[in-house]
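Chain residues, written in single-letter form:
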Amino acid sequence: QVQLVESGGGLVQAGGSLRLACATPGRTFSETAMGWFRQAPGKEREFVATISWRGRTTYYAGSVKGRFTISRDNAKNTVYLQMNSLKPEDTAVYYCAAKKGVLASTNLPEYIYWGQGTQVTVSS
């Protein structure tokens, strides 16, 4: 069982920035692509960003492209989501997820390990 632990969420004003982190305590990422998803109240969980095992390939949802950046440090077993120019519509619980295989993917069902989520609230 892979445990994913998110951190970095909080309350920020519109236009501000936050950096989320996702770590796997006591376990090494093993040729695993990673993703960030989010779920707002009353809405389905949606894809935000994904990164391949070596970090060479990234994909973003259209709504965050140009504002969010996903990255990873495999030596630290940590994946990051830098969120800039935040908008009230970015308010959601953000989840880190891991899938089998090295290829980045926007497809939620491919992700088999999930963190507990971290709340991001953007005030107007």
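Residues numbered from 1 in each chain as written. Predicted model: local features only at pLDDT ≥ 70, side-chain atom pairs only at ≥ 80, totals over all residues. Heavy atoms only, no water.

(A) Summary view of the overall build of the protein chain. Counting its regular elements, the protein chain contains zero helices and 11 strands. For the protein chain, the N- to C-terminal ordering of α and β elements is β-β-β-β-β-β-β-β-β-β-β. The globule rule puts the C-alpha radius of gyration for 124 residues at 14 Å, and the 13 Å found for the protein chain is close to it. With the C-alpha coordinates aligned to their principal axes, the bounding extent of the protein chain is approximately 40 × 25 × 25 Å. Split into buried and exposed, the 124 residues of the protein chain put 44% on the buried side. (Helix = DSSP H or I, 4+ residues; strand = E, 2+ residues; numbered from the N terminus. Rg over C-alpha atoms; globule rule 2.2 N^0.38 Å. Buried < 20%, exposed > 50% of the residue type's maximum accessible area, 1.4 Å probe, protein only.)

(B) Region of the structure containing the state of the cysteines. Considering all chains together, one arrives at one disulfide under this definition. Through a disulfide, Cys-22 is tied to Cys-96; the S-S separation comes to 2.0 Å. The sign of the -75° torsion about the S-S bond sets the Cys-22-Cys-96 disulfide as left-handed. With Cys-22 in strand 3 (residues 18-23) and Cys-96 in strand 9 (residues 92-99), the pair connects residues that are 74 residues apart, well separated along the chain. Residue Cys-22 shares its accessibility class with Cys-96, and that shared class is buried. (Disulfide = S-S within 2.5 Å.)

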